Protein chains: 2
Amino acid sequence: MSIRTGSRESPEMYLKSIYQLGVGDAPVPISTLSNRLGISPVSATEMIHRMEKRRLVKHIPYKGVSLTKRGLKQALAVLRRHRLWERFLTDRLGLPWEQVHDVACSLEHSVGPEVTEPLAADLGEPATCPHGNPIPTAEGEMPSERGLRLHELSAGQRAVVDVIRPENAEILEHLASHGVTLGAELELIEIEPLDGARTISVGSKQVVIGKELASCVVVHPIHA
Amino acid sequence: MSIRTGSRESPEMYLKSIYQLGVGDAPVPISTLSNRLGISPVSATEMIHRMEKRRLVKHIPYKGVSLTKRGLKQALAVLRRHRLWERFLTDRLGLPWEQVHDVACSLEHSVGPEVTEPLAADLGEPATCPHGNPIPTAEGEMPSERGLRLHELSAGQRAVVDVIRPENAEILEHLASHGVTLGAELELIEIEPLDGARTISVGSKQVVIGKELASCVVVHPIHA
DNA sequence: CTTAGGTTTAAGGTGTACCTTATAATAACT
DNA sequence: AGTTATTATAAGGTACACCTTAAACCTAAG
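None of these values were measured; they are calculated from a predicted model. (Residues numbered from 1 in each chain as written. Chains lettered and ligands numbered in written order. Predicted model: local features only at pLDDT ≥ 70, side-chain atom pairs only at ≥ 80, totals over all residues. Heavy atoms only, no water.)

Asker: Help me out: how do you make sense of the nonpolar core in this one?
Answerer: In this structure, W85(A), F88(A), L89(A), W85(B), F88(B) and L89(B) are the most contacted members of the largest nonpolar core, which totals 32 residues. Elements that contribute at least two residues to this core include exactly helix 4 (69-92), helix 5 (100-107) and helix 6 (113-122) of chain A together with helix 4 (69-92), helix 5 (100-107) and helix 6 (113-122) of chain B. Beyond its immediate sequence surroundings of up to four residues, W85(B) is in contact with W85(A), F88(A), L107(A), A104(B), L107(B), E108(B), V111(B), V115(B) and L119(B). (Core = buried A, V, L, I, M, F, W, Y, C linked by side-chain atoms within 4.5 Å. Buried < 20%, exposed > 50% of the residue type's maximum accessible area, 1.4 Å probe, protein only. Helix = DSSP H or I, 4+ residues; strand = E, 2+ residues; numbered from the N terminus. Contact = heavy atoms within 4.5 Å.)

Asker: Before we go on, may I ask you to explain the domain arrangement of chain A in this structure?
Answerer: Many descriptions give the size of an interface as the accessible area lost when the pieces come together. One can read the domain layout of chain A as domain 1 (9-67) and domain 2 (148-222). The centre of domain 1 of chain A, based on its C-alpha atoms, is set 30 Å off from the matching centre of domain 2 of chain A. (Domains from an automatic or database assignment.)

Asker: Would you mind going over the pairing of strand 5 (residues 185-191) of chain B with me for this structure?
Answerer: Sheet faces and side chains relate simply in a regular strand, where the side chains alternate between the two faces. Residues and elements named next belong to chain B. As paired elements, strand 4 (residues 158-164) and strand 5 share 3 bridges and run antiparallel to each other. For V160, the partnering residue across the bridge sits in strand 5 and is E185. Judged from the 5 bridges that link them, strand 5 and strand 6 (residues 198-202) form a sheet pairing that is antiparallel. What sits directly across from I191, in strand 6, is R198. What sits between the antiparallel neighbours strand 5 and strand 6 is a turn of 6 residues, in which L194 has the positive phi angle 65 degrees. (Pairing = 2+ DSSP bridges.)

Asker: I'm lost on the packing of aromatic side chains in this one. Help?
Answerer: Given two aromatic rings, their pairing is described by the distance between the two centres and the angle made by the two planes. Per the counting criterion, the structure on display carries 4 aromatic pairs over all chains. Note on W85(A) and W85(B): the rings are 5.8 Å apart at their centroids and 75 degrees apart in plane angle, and the pair reads as edge-to-face. Of this pair, W85(A) sits in helix 4 while W85(B) is found in helix 4, placing the two residues in two different chains. Under the relative-accessibility criterion, W85(A) is labelled buried at 0%. (Phe/Tyr/Trp six-rings, centres within 6.5 Å; stacked < 30°, edge-to-face > 60°.)

Asker: Can you help me understand the interface of chain B and chain A in this one?
Answerer: In this complex, chain B contributes 28 residues to the contact, which on the side of chain A involves 28 residues. Buried area between chain B and chain A, both sides added, is near 2500 Å², and the carbon and sulfur share of it is 71%. Taken together, chain B and chain A are joined by 0 salt bridges. Here chain B and chain A share 3 residue pairs in polar contact (both at pLDDT 80 or more) between them. (Buried area = accessible area lost by both parts, 1.4 Å probe. Salt bridge = Lys/Arg side-chain N within 4 Å of Asp/Glu carboxyl O. Polar contact = N/O pair within 3.5 Å; in protein donor to acceptor, adjacent residues only side chain to side chain.)

Asker: Hey, could you run me through the protein's contact with DNA strand D in this one?
Answerer: Not every one of the 24 residues close to DNA strand D is listed here, only the nearest: S31(A), H49(A), H59(A), Y62(A) and S43(B). Considering DNA strand D, the proportion of its atoms within 4 Å of the protein that are sugar or phosphate atoms stands at 71%. Separating a phosphate oxygen of DNA strand D from a side-chain N or O atom of H49(A) is a distance of 2.9 Å. In the environment of DNA strand D, a base oxygen lies 3.5 Å from a nitrogen or oxygen atom belonging to the side chain of Y62(B). Of all the secondary-structure elements, those providing two or more residues to the surface near DNA strand D are helix 2 (30-37) and helix 3 (41-53) of chain A together with helix 1 (9-21) and helix 3 (41-53) of chain B. Broken down by element, the surface near DNA strand D gets its largest block of residues, 5 residues, from helix 3 of chain B. Partitioning the surface near DNA strand D into residue classes produces 11 nonpolar, 9 polar and 4 charged. (Near = heavy atom within 4 Å. Nonpolar A, V, L, I, M, F, W, Y, C, P; charged D, E, K, R; others polar.)

Asker: What's the story with the side chain of R87(A) in this structure? I'm lost.
Answerer: Inspection of the secondary structure assignment puts R87(A) in helix 4. What R87(A) contacts, discounting residues up to four positions off in sequence, is R92(A), L123(A), P126(A), T128(A), C129(A), P130(A) and I135(A).

Asker: Would you explain the protein's contact with DNA strand C in this entry?
Answerer: Neighbouring DNA strand C are 24 residues, the closest being S43(A), S31(B), H49(B), H59(B) and Y62(B). Sugar and phosphate atoms form 72% of the subset of DNA strand C atoms that lie within 4 Å of the protein. Note that a phosphate oxygen of DNA strand C is positioned 2.8 Å from one of the side-chain N or O atoms of H59(B). At the level of elements, helix 1 (9-21) and helix 3 of chain A together with helix 2 (30-37) and helix 3 of chain B are the ones that each hand at least two residues to the surface near DNA strand C. Looking at which element gives the most residues to the surface near DNA strand C, the answer is helix 3 of chain A, with 5 residues. Across the surface near DNA strand C, the residue classes break down as 11 nonpolar, 9 polar and 4 charged.

Rendered as structure tokens:
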């Protein structure tokens, strides 16, 4: 009847964020991190120090943070749990696409492999979360997830939507309302000068989305 | 991307324990509570004070704690989540009977009705947890759970096991290894003097279990 | 009615995870 | 090289949930 959960909650969020913000092996600036987590830079620095003592991250002053081998392993484990729970919530409970992310965020810290592995089995060892992101393997391998971003397309190119990231309810709803959903086929019509907003055609409609938003959409090009 | 879970974890454990330790409307002594939770009486008193401010419990000094209407409602909600997760873990993931309690203990604090109600639906609105305990309704009603305890039987009486409580892995495993499982039919053979250990026959075997342990087993008598 | 034992309050501490304000150090740009 | 902006550290605080030790208090039992 122990009561302690041993608040591994926050550090896990840091790990996940560092992993997701990291491009290649470049260290993630603490400001970027604190920004994403909605935490003051000072507090984030403190936390990073604590995590460094536990050998989860390496901090290069004035450069940023990167994950150690241990940290990476743990980050991928959290990510796996997160995405499996998302699948569970949509596939088994029928919760809507846009809502599952937040719920999965609280579930991901609550259980270990003794639950997530049977869960993965029950779900049929899915390869991706409902938003199309790949699920790390139980062994801690991340399937390559390099795709083209919508804003990297050039005018006239056709492509299919693979992933939408980050899994923010607002973003997901907005894109969905414009017809940009997983598997949707689209064509890039025009790139606006200055702002770089993209005009794309989806189905029979034409919609305009900003460059930032476009960069949330991962696609693979198809031959027109 | 909020990071705060708003540690409702511990208070919820207190609520659950108070509910489960409470017999009728008698207040639960803080020592009993602190004992169950493995926490010092001083700390428990502190927590009770905090919870009193939030109008979750009423503390009568030197008597004990009882739940307010709000506290009761919340306790039953936690219990519902707990027992639904237990069902999920056994029915859907095939985890063993004796292990699901601890896992459910961490899951029960992570999600609200937006998840547990669809979960209940998916599980077929079960009425009891895998250990036989009744699941409170979504409206916060607790189905009556008064049964006879094994130690209340007299020699010669036959009965069927309905519930085992508390859901402690050690207890569950020990009883199971003696053939005392849900639905098992048993007969009380003899009550040992002084200690009050019970000799019972289960299946074709005779086993002896202590009085304390016997009180964990809820049964309903049958006509021999 | 007194006293032993359980209960409560008080006082001081720990560790985690956040906050603000202010100062120091560095990097990067002109 | 000097200034600016970012980044880090220092100092002091809050809140939660636990801890110990010690003193005050009540209750119930002899």
